[in-house]
Amino acid sequence: MVKKYIVRLAEDERAVLQEVVKRLKGTSQKVRRAQVLLKADADGPDWTDARIAQTYGCRTQTVENIRERFVTQGLELTLNGQPRLKPPREKLLDGEQEAKVIALRLGSPPPGFSNWSLRLLAEQVVALEIVESISYETVRRTLKKTA
């Protein structure tokens, strides 16, 4: 089968990849991608995808995907992956709401309580309609961030 995406590494790219492999610099995923690219280099070893996959314990499709990404998107994105544009889940509290939670925590606790607990704070935040619902764990993370 004729390869559609052929990897041709420049000297500086080859040096970067060899450094990553030699020093095991970065995540295991990054090191494996560097190893695959070095072996897939048409001007170097030029191994087959099946041989690369067998040697490094991954699927042939993975090798093909790495080659395609290198040719289309470049070395940096191939090694490190694409950064996430937005978090997997939106933040529950914006800056103003966080400030209200912190102010509530710094105030005195309600009658009958000597200190604020996280669960009590979460209940008060909902009672004061700062947010519709909130977990005590979210309150903890908010307070920890500012401490």
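Placed above this text is the structure.
Fair warning: this is a prediction, and the values are worked out from it, not measured in the lab.

What counts and what doesn't
- Residues numbered from 1 in each chain as written.
- Predicted model: local features only at pLDDT ≥ 70, side-chain atom pairs only at ≥ 80, totals over all residues.
- Heavy atoms only, no water.
- Core = buried A, V, L, I, M, F, W, Y, C linked by side-chain atoms within 4.5 Å.
- Buried < 20%, exposed > 50% of the residue type's maximum accessible area, 1.4 Å probe, protein only.
- Helix = DSSP H or I, 4+ residues; strand = E, 2+ residues; numbered from the N terminus.
- Contact = heavy atoms within 4.5 Å.
- Axes fitted to C-alpha atoms, helices over the stretch in contact; angles between N-to-C directions.
- Parallel < 35°, antiparallel > 145°, perpendicular 65-115°, else oblique.
- Left-handed = near helix turned anticlockwise from the far one by under 90°.
- Nonpolar A, V, L, I, M, F, W, Y, C, P; charged D, E, K, R; others polar.
- Expected span 1.5 Å × (residues − 1).

Novice: Help me out: how do you make sense of the nonpolar core in this one?
Specialist: What tends to happen in soluble globular proteins is that the nonpolar side chains get buried as a cluster. Leu17, Leu37 and Ile52 are the most contacted members of the largest nonpolar core, which has 20 residues in total. Those elements that place two or more of their residues in this core are helix 1 (11-23), helix 2 (28-40), helix 3 (49-56), helix 4 (60-73) and helix 5 (75-80). When residues of this core are assigned to their parent elements, the largest contribution, six residues, is made by helix 2. Apart from the residues lying within four places of it in its own chain, the contact partners of Leu37 are Val7, Leu9, Leu17, Ile66, Phe70, Leu75 and Thr78.

Novice: How should the packing of helix 6 (residues 95-106) against helix 7 (residues 118-127) be read in this particular structure?
Specialist: Between two packed helices, the angle of one axis relative to the other and the distance separating the axes together describe the packing. Where helix 6 contacts helix 7, the two axes come as close as 11 Å, and the packing angle between them is 125°. In terms of their interaxial angle, helix 6 and helix 7 are classed as oblique. In the packing of helix 6 onto helix 7, the handedness of the crossing is right-handed. Between helix 6, through Val101, Leu104 and Arg105, and helix 7, the contact on the second element is made entirely by Leu121, Gln124 and Val125. Among the residues forming the contact of helix 6 with helix 7, the class breakdown is four nonpolar, one polar and one charged.

Novice: Explain helix 2 here, please?
Specialist: Each α-helix winds once per 3.6 residues, and so residues spaced three or four apart point in a common direction. Counted at 1.5 Å a residue, the expected span for helix 2 with its 13 residues is 18 Å, and the 18 Å between its end C-alpha atoms agrees. Within the span of helix 2, buried status applies to Lys30, Val31, Arg33, Ala34, Gln35, Val36, Leu37, Leu38 and Ala40.

Novice: What is the right way to look at the packing of helix 2 against helix 4 in this model?
Specialist: Two elements in contact, helix 2 and helix 4, have axes separated by 10 Å at closest approach and are oriented at 80°. One way to sum up the angle between helix 2 and helix 4 is to call them roughly perpendicular. When helix 2 is examined against helix 4, the residues Arg33, Val36, Leu37 and Ala40 are found in contact with a partner set consisting of Val63, Ile66, Arg67, Arg69 and Phe70. Tallied by class, residues from the contact of helix 2 with helix 4 come to six nonpolar, no polar and three charged.

Novice: Honestly, unusual backbone geometry in this entry has me stumped. Any pointers?
Specialist: Peptide bonds are trans in most cases, and residues, glycine excluded, mostly fall at negative phi. Phi is positive for Leu24, close to 50°, though the residue is something other than glycine. For Leu24, the position within the fold is in the loop between helix 1 and helix 2. One non-glycine residue, Asp46, lies in positive phi territory at about 55°. Locating Asp46 in the fold gives a position in the loop between helix 2 and helix 3.

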